[in-house]
Amino acid sequence: CEGFYDLVLGMRPNGKPLWRMRGGSRWIYMGTDGRWYVGGIMSRRRQFRCESGYMFHSAQGCSLPGMLQGPWSWGDSKTWHEDPAIEVRQVTESELVDVP
C-alpha cells in the first residue's frame, strides 16, 4: 500500500474524493461507514460501496484522509492492528522532485 496516490478526477464514491496509487491497484476511499480505507481490486469492483480494504482509520466523518488524527490500522484477514508508523499525508513539493 506504500506509495504515492493521485486524486482521481470526476469520481467521488460515497460523496468523497478518491485517490489511486501510482502504478498500482490500490485506492484511498471513504467507505459506506464513513471511514477511510486503502482498498484494492475488490473495493473497486464494488464501486467503493463497501467497508473493506488493506488498511483503515477508525475515525468517522473526516472530510480528507490527510486530516485524520491517530493511528491507521492494517488487517491480516482475522483482525486489525493499529500501527502508528502508517502515514497518509499530502506530499511536499521537494518530495515530488524525483517521483516517477
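Refer to the preceding data block for the structure.
Not measured: the values here are computed from a predicted model.

Brief notes about the overall build of the protein chain
Phase 1: Helix and strand counts for the protein chain stand at 2 helices and 7 strands.
Phase 2: In sequence order, the protein chain lays out its α and β elements as β-β-β-β-α-β-β-β-α.
Phase 3: In terms of overall dimensions, the protein chain has C-alpha extents of about 40 × 30 × 25 Å along its principal axes.
Phase 4: Of all 100 residues assigned to the protein chain, the portion counted as buried reaches 33%.
Phase 5: Put simply, the protein chain shows about 6,500 Å² of open surface, and 49% of that area lies on carbon and sulfur atoms.
Phase 6: Of the charged side chains in the protein chain, 12 are positive and 11 negative, and the gap between their average positions amounts to 12 Å.

Observations concerning the side chain of Asp 33
Phase 1: Note on placement: Asp 33 falls in the loop between β3 (27–30) and β4 (36–39).
Phase 2: Look past the residues within four positions of Asp 33 in its chain and what remains in contact with it is Glu 51 and Gln 60.

Focus: the environment of Ser 25
Phase 1: Inspection of the secondary structure puts Ser 25 in the loop between β2 (19–21) and β3.
Phase 2: Sequence spacing of Ser 25 and Ile 41 is 16 residues, and the spatial spacing of their C-alpha atoms is 6.4 Å.
Phase 3: Beyond its immediate sequence surroundings of up to four residues, Ser 25 is in contact with Gly 39, Gly 40 and Ile 41.

With respect to unusual backbone geometry
Phase 1: One non-glycine residue, Phe 48, lies in positive phi territory at about 65°.
Phase 2: If you trace the backbone, Phe 48 turns up in the loop between α1 (41–45) and β5 (55–57).
Phase 3: Here Phe 48 falls in the buried class, since its relative accessible area comes to 1%.
Phase 4: Within the chain, Ser 77 stands out as a residue other than glycine whose phi angle is a positive 80°.
Phase 5: Residue position: Ser 77 is located in the loop between β6 (72–75) and β7 (80–83).
Phase 6: Of the residues examined, Ser 77 reaches a relative accessible area of 83% and is grouped as exposed.

Structural notes on the sheet that holds β2
Phase 1: Judged by pairing direction, the sheet is antiparallel, and its 7 strands sit side by side in the order β1-β2-β3-β4-β5-β6-β7 without closing on themselves. Each of the sheet's edge strands pairs with one partner strand only, and the pair in question is β1 (5–7) and β7. When strand polarity is set aside, the average angle formed by the axes of neighbouring strands in this sheet is 25°.
Phase 2: In this sheet, β7 lies alongside β6 in antiparallel orientation, the contact comprising 4 bridges. Note that in β7 the partner of Trp 74 across the bridge is His 81.

Reading the values: the criteria
- Residues numbered from 1 in each chain as written.
- Predicted model: local features only at pLDDT ≥ 70, side-chain atom pairs only at ≥ 80, totals over all residues.
- Heavy atoms only, no water.
- Helix = DSSP H or I, 4+ residues; strand = E, 2+ residues; numbered from the N terminus.
- Buried < 20%, exposed > 50% of the residue type's maximum accessible area, 1.4 Å probe, protein only.
- Areas by Shrake-Rupley, 256 points an atom, 1.4 Å probe, with all protein chains shown as cover.
- Lys, Arg positive; Asp, Glu negative; His and termini not counted.
- Charge placed at Lys NZ, Arg CZ, Asp CG, Glu CD.
- Contact = heavy atoms within 4.5 Å.
- Pairing = 2+ DSSP bridges.
- Axes fitted to C-alpha atoms, helices over the stretch in contact; angles between N-to-C directions.

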